[in-house]
Amino acid sequence: MSYVLSIVHPPENGATFGKAEVTEVVTHVQYAADLAGQMLIDGGENTLPARFFANHLANEVHSMPYAYPGTGLTFRIDPADNAPHPCPCCGRLVLPDAHGQARHEDAYCLGCYTWARGDEGCLPRNTAHSNERHRP
C-alpha cells in the first residue's frame, strides 16, 4: 500500500485554518512518518523527540490529525488512494469525504465553494484565507 503525509501549518492573520501541503506518494507508512520527523528536525527540533514523534505517527495515528506541540504543525498519514489535498483557492486541507466532489484534486474546500446560494465563500472564518485578503 502507498501513503501520503499531509502537513497543515498554523493559521495566519485571522484565518481559521492553516495552509496545507501533501507530500508525494511513498511506499510505506514509516517513510511518510519519517518525512514528518525530518521536517521537524529541519525546523530546529531536536532529533530524538522528532524521531519519537515520527515513530508514534507511523504506529498509532492513521487518517487522523496529530499536532506536534509547540510548532503549530499538524500531520496526518493517509492511504494514497484516499488522500486529501490542499484547496486550490486557499490551501486548506480538503478531506476526501468533505463533500461529493472532494476526491478530485482540484476540488475546493467547503469554505471557498459553499454549495449554497447566498453564502459568501472564501471568508477567513471558513478557510485558510487571511483577514488581510478581505479588507475593504
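Reference entry: report on the structure contained in this document. The structure presented is a predicted model; accordingly, all values stated were derived computationally and were not measured.

Moving on, we come to the overall build of the protein. The helix and strand inventory of the protein stands at 2 helices and 6 strands. Scanning the protein from its N terminus toward the C terminus, one meets helices and strands in the order β-β-α-α-β-β-β-β. In summary, the protein has a C-alpha radius of gyration of 16 Å against a globular reference of 14 Å for 136 residues, a match within 12%. Each of the three principal axes of the protein carries a C-alpha extent, and together these read 50 × 30 × 20 Å. Counting every position in the protein, which comprises 136 residues, the buried fraction comes to 37%. Within the protein, contacts between residues at least 6 apart in sequence are counted, and of these 44% link residues at least 24 apart. Accessible surface for the protein amounts to roughly 8000 Å². Of this, 50% is attributable to carbon and sulfur atoms. Within the protein, one finds 9 positive and 15 negative side-chain charges whose respective centroids are separated by 9 Å.

All right, on to the side chain of histidine 85 then. Relative to the helices and strands, histidine 85 is located in strand E5 (residues 85-86). At 3.5 Å, the side chain of histidine 85 forms a polar contact with the backbone oxygen of glutamate 105. At a separation of 2.9 Å, a polar atom in the side chain of histidine 85 contacts the main-chain carbonyl oxygen of alanine 107. Apart from the residues lying within four places of it in its own chain, the contact partners of histidine 85 are Val22, Arg92, Leu93, Val94, Ala102, His104, Glu105, Asp106 and Ala107.

Calculation rules
- Residues numbered from 1 in each chain as written.
- Predicted model: local features only at pLDDT ≥ 70, side-chain atom pairs only at ≥ 80, totals over all residues.
- Heavy atoms only, no water.
- Helix = DSSP H or I, 4+ residues; strand = E, 2+ residues; numbered from the N terminus.
- Rg over C-alpha atoms; globule rule 2.2 N^0.38 Å.
- Buried < 20%, exposed > 50% of the residue type's maximum accessible area, 1.4 Å probe, protein only.
- Contact = heavy atoms within 4.5 Å.
- Areas by Shrake-Rupley, 256 points an atom, 1.4 Å probe, with all protein chains shown as cover.
- Lys, Arg positive; Asp, Glu negative; His and termini not counted.
- Charge placed at Lys NZ, Arg CZ, Asp CG, Glu CD.
- Polar contact = N/O pair within 3.5 Å; in protein donor to acceptor, adjacent residues only side chain to side chain.

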